[in-house]
Amino acid sequence: MILKLFGHENYIRILQTLRKKNEGLRFSQIQKMTNLNPTQVDRALKFFRKEFLIIAHTFKENSKILFEYELSKRGEASLEIIDKLGNLIQKKEVILGKSEVKEFQNIYLNNNPWR
Amino acid sequence: MAIIFLLGPSVWKSKKISPIYSPMQKRRQLAEIFRADNHKIVIMEDEPDIKDEHLYKKFYRLINDKKVTDIIMYWPSLAEMQTTQIELVLLGIQNDTLPTPPIWLFHHTSVFSDKMGEGIISDGEDRSSYLSSILNKRKKKRDVEFENDEDLTRKAEFLSKELQIKPTIQDLL
């Protein structure tokens, strides 16, 4: 599951957004905050739900049943692993090169934990 | 450690469906997953009745006396759901007056699904207005979907771990 996260930059970006906000986010909010299209967000959320990386909360608004998503403990733990890898990549910048560090930092949008 | 009230149907709608196990047996299998992580499980049918006690009173008594911390509602496809529906209504009523433990709706993807952030009920019966009215409460329900037996077991294991992690002091403040 964690290896699959590494293969999908957008997935990590969405998980980061959920962690940063620290409260339930709706589908449209995630889409807006990550600047991803609905299909990308839907695909990511399906994966997260399958892997229990998020917890979906359901409620009714007007006549619709809607969902809000927040990180599960499993999701938080997965992000911690990615953070640690990011730290390690930064420490090895001399060997790996600046572009490698930059590539990883870009995943974090404006939420770079190392800045 | 959580104290989980494990609700759900007991029988399939038709005897032709899944002769391997009944929904009641499945709930007992799920109970074992949670017990393995030291959670306590309460199953309504396994708890002794008190003479002349109405079933709905037993339902509330178990939530209060057992100090239930979480409720799991198992909702497979093609099961006889009438009693479970009543239990959901009872939870809805309790939610209006007293704090209700978090409810985890454990459902098959064919009965209720997440379509781009919107919940769609599709169990072949008209339960939309019924479920909607239950959801129209202050407290949100936690939604866990499963595709098959294997997936159900995995999700139960994940949830069991999720509930195992003790809250920090900050969580409690």
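Residues numbered from 1 in each chain as written. Chains lettered and ligands numbered in written order. Predicted model: local features only at pLDDT ≥ 70, side-chain atom pairs only at ≥ 80, totals over all residues. Heavy atoms only, no water.

## A few points about the packing of aromatic side chains
Residues and elements named next belong to chain B.
Argument step 1. Taken as a whole, this structure holds 12 aromatic pairs over all chains when the rule is applied.
Argument step 2. Plain terms: the ring middles of Trp12 and Tyr21 are 6.3 Å apart, the flat faces sit at 55° to each other, and that makes the pair tilted. Of the two residues examined, Trp12 and Tyr21, each falls in the buried class.
Argument step 3. A ring pair is formed by Tyr74 and Phe146, whose centres lie 6.1 Å apart and whose planes are at 25°; its orientation type is stacked. (Phe/Tyr/Trp six-rings, centres within 6.5 Å; stacked < 30°, edge-to-face > 60°. Buried < 20%, exposed > 50% of the residue type's maximum accessible area, 1.4 Å probe, protein only.)

## With respect to the environment of Gly75 of chain A
Residues and elements named next belong to chain A.
Argument step 1. By secondary structure assignment, the location of Gly75 is in helix α5 (residues 73-91).
Argument step 2. The spatial distance from the C-alpha of Gly75 to the C-alpha of Leu53 is 4.0 Å, given a sequence separation of 22 residues.
Argument step 3. Dropping the residues within four chain positions of it, Gly75 is found in contact with Phe52 and Leu53. (Helix = DSSP H or I, 4+ residues; strand = E, 2+ residues; numbered from the N terminus. Contact = heavy atoms within 4.5 Å.)

## Here's the deal with empty space enclosed by the protein
Argument step 1. One pass over the full model with this rule turns up 3 cavities of 30 Å³ or more.
Argument step 2. Put simply, the largest cavity is a space of about 70 Å³.
Argument step 3. Forming the boundary of the largest cavity are Arg49, Phe52, Ile54, Ile55 and Ala56 of chain A together with Asp143, Val144, Glu145 and Lys155 of chain B.
Argument step 4. For the lining of the largest cavity, the elements supplying multiple residues, two or more each, are β2 (54-61) of chain A together with β7 (141-146) of chain B.
Argument step 5. Split into classes, the residues belonging to the lining of the largest cavity amount to 5 nonpolar, no polar and 4 charged. (1 Å grid on protein atoms, 1.4 Å probe; cavity = no way out; pocket = protein on both sides within 12 Å on 5 of 7 lines; lining within 4 Å. Points joined across faces, edges and corners; volume = space filled by probe spheres on them. Nonpolar A, V, L, I, M, F, W, Y, C, P; charged D, E, K, R; others polar.)

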